Amino acid sequence: MKPSVFITRKLPEEIVAPLKEKFTVRMWDSEDVAVTHAVLREEITQVDALWTMLSDTIDRDMLESATNLKVISNLAVGYNNIDTEAANEMGIIVTNTPDVLTETTADLAFGLLLATARRFNTAEKELRQGGWLSWTPMGFTGMDVHGTTVGIIGMGRIGEAVARRAKGFNMDVLYHNRSRKPETEEEYGVAFAELDDLLQRADHVVILAPFTEETKGMIGGRELGLMKKTATLISVSRGCIVDEVALYDALKNKKIFGAGLDVFETEPVPVRHPLLTLPNVTAVPHIGSASVKTRLTMMKLNVDAITDVLEGREPANRVV
Ligand code: DGY
């Protein structure tokens, strides 16, 4: 019997075709609607390989019923949606899609920074609603990006790519990371700062740290209170790193200038979410890696990883 693969979202046929030549492939039939918990629970008990999206939660309980499962390949660089500790204990390989999305995600982070600081969303909304009645000297004024200081929390590959962009804007770059990175400091001309110091000095704070027990709620009321009133907060890794109640308070009461959010505590974010009512929030729906080329390249990495494991080879991009 051929090994079987379940794909939790409808993906392009040409990408899935190489898997179909070798394995029995079943695929959830919607691109927009996530696989139901019931279907995922049923499939995981049967298949040899699971191709997941970052929106699928694969917890210990689910993994315990996965008697044939050999590999989970996640369409993302982040893999906090999978209980990797449990997978490791059970000998299930987990892979992700790093590197190929670095520059695309950095583009989004920097774009969100520009949009937030220069208030693109408010200006565009006004224009579309007929509110642009005359050019006004101080209308839609925001904060400068060039020549300011950016503080990057999480200096991994995407952090470095954001730092390179910042240098092109003549910015000073501070970073905070679990461990100091002397080579990165040397190569990109960036300076390490303790978290509080970074928050106090940065004009723009960009969160790129992975979501872990240590980073959960790392930016709360106290931390937001340290930021400049003129500063922006750009959140691009995982929503749970920022306390959204505290962020709402900081934005509503103008303790910081604005926030650019690609990620949220709960995704999809409910349309009535308090943060979405604030004009100083620029929000996009977790699109960091969303360019056609990058998403297709990420998918190819998943295909290779699944094929390698099912054919007995060590996959690239193994996280456990
Ligand atoms: C990922 O792939 O984990 C990121 O969220 C990219 O947006």
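In case you missed it, the structure is sitting above this.
All of the points below concern the structure found in this document. (Residues numbered from 1 in each chain as written. Predicted model: local features only at pLDDT ≥ 70, side-chain atom pairs only at ≥ 80, totals over all residues. Heavy atoms only, no water.)

1. What about the overall build of the protein chain?
Part 1: Within the protein chain one finds 12 helices and 12 strands.
Part 2: In terms of C-alpha radius of gyration, the protein chain reaches 21 Å, essentially the compact-globule figure of 20 Å for 320 residues.
Part 3: Dimensions of the protein chain, computed from the C-alpha atoms along their principal axes, are close to 70 × 50 × 30 Å.
Part 4: Here the protein chain holds 320 residues, and the buried ones make up 49% of them.
Part 5: For the protein chain, the proportion of contacts with a sequence separation of at least 24, taken over those separated by at least 6, is 59%.
Part 6: For the protein chain, the exposed area adds up to about 15,800 Å²; of that, 53% sits on carbon and sulfur atoms.
Part 7: For the protein chain, the distance from the average position of its 35 positive side-chain charges to the average position of its 45 negative side-chain charges is 4 Å. (Helix = DSSP H or I, 4+ residues; strand = E, 2+ residues; numbered from the N terminus. Rg over C-alpha atoms; globule rule 2.2 N^0.38 Å. Buried < 20%, exposed > 50% of the residue type's maximum accessible area, 1.4 Å probe, protein only. Contact = heavy atoms within 4.5 Å. Areas by Shrake-Rupley, 256 points an atom, 1.4 Å probe, with all protein chains shown as cover. Lys, Arg positive; Asp, Glu negative; His and termini not counted. Charge placed at Lys NZ, Arg CZ, Asp CG, Glu CD.)

2. So, the packing of aromatic side chains
Part 1: Tallying each qualifying case throughout the model produces 2 aromatic pairs.
Part 2: Seen from their ring centres, Phe 110 and Phe 169 are 4.8 Å apart, and the 55° between their planes marks the pair as tilted. One end of the pair, Phe 110, is in helix H5 (residues 102–117); the other, Phe 169, is in the loop between helix H7 (157–168) and strand S7 (172–176), and 59 residues separate them in sequence.
Part 3: Ring plane angle 80° and centroid distance 5.4 Å describe the contact between Tyr 175 and Phe 192, whose orientation is recorded as edge-to-face. Here Tyr 175 is found in strand S7, whereas its partner Phe 192 is found in strand S8 (residues 191–192), with 17 residues between them in sequence.
Part 4: Look at Tyr 175 and you get buried, because its relative accessible area is 0%. (Phe/Tyr/Trp six-rings, centres within 6.5 Å; stacked < 30°, edge-to-face > 60°.)

3. Quick word on the site of the ligand
Part 1: Every residue close to the ligand is listed here: Ala 76, Val 77, Gly 78, Leu 101, Arg 238, His 286, Gly 288 and Ser 289.
Part 2: The contact in question runs from an oxygen atom of the ligand to an N or O atom on the side chain of His 286, over 2.6 Å.
Part 3: Broken down by class, the residue content of the shell around the ligand amounts to 3 nonpolar, 4 polar and 1 charged. (Near = heavy atom within 4 Å. Polar contact = N/O pair within 3.5 Å; in protein donor to acceptor, adjacent residues only side chain to side chain. Nonpolar A, V, L, I, M, F, W, Y, C, P; charged D, E, K, R; others polar.)

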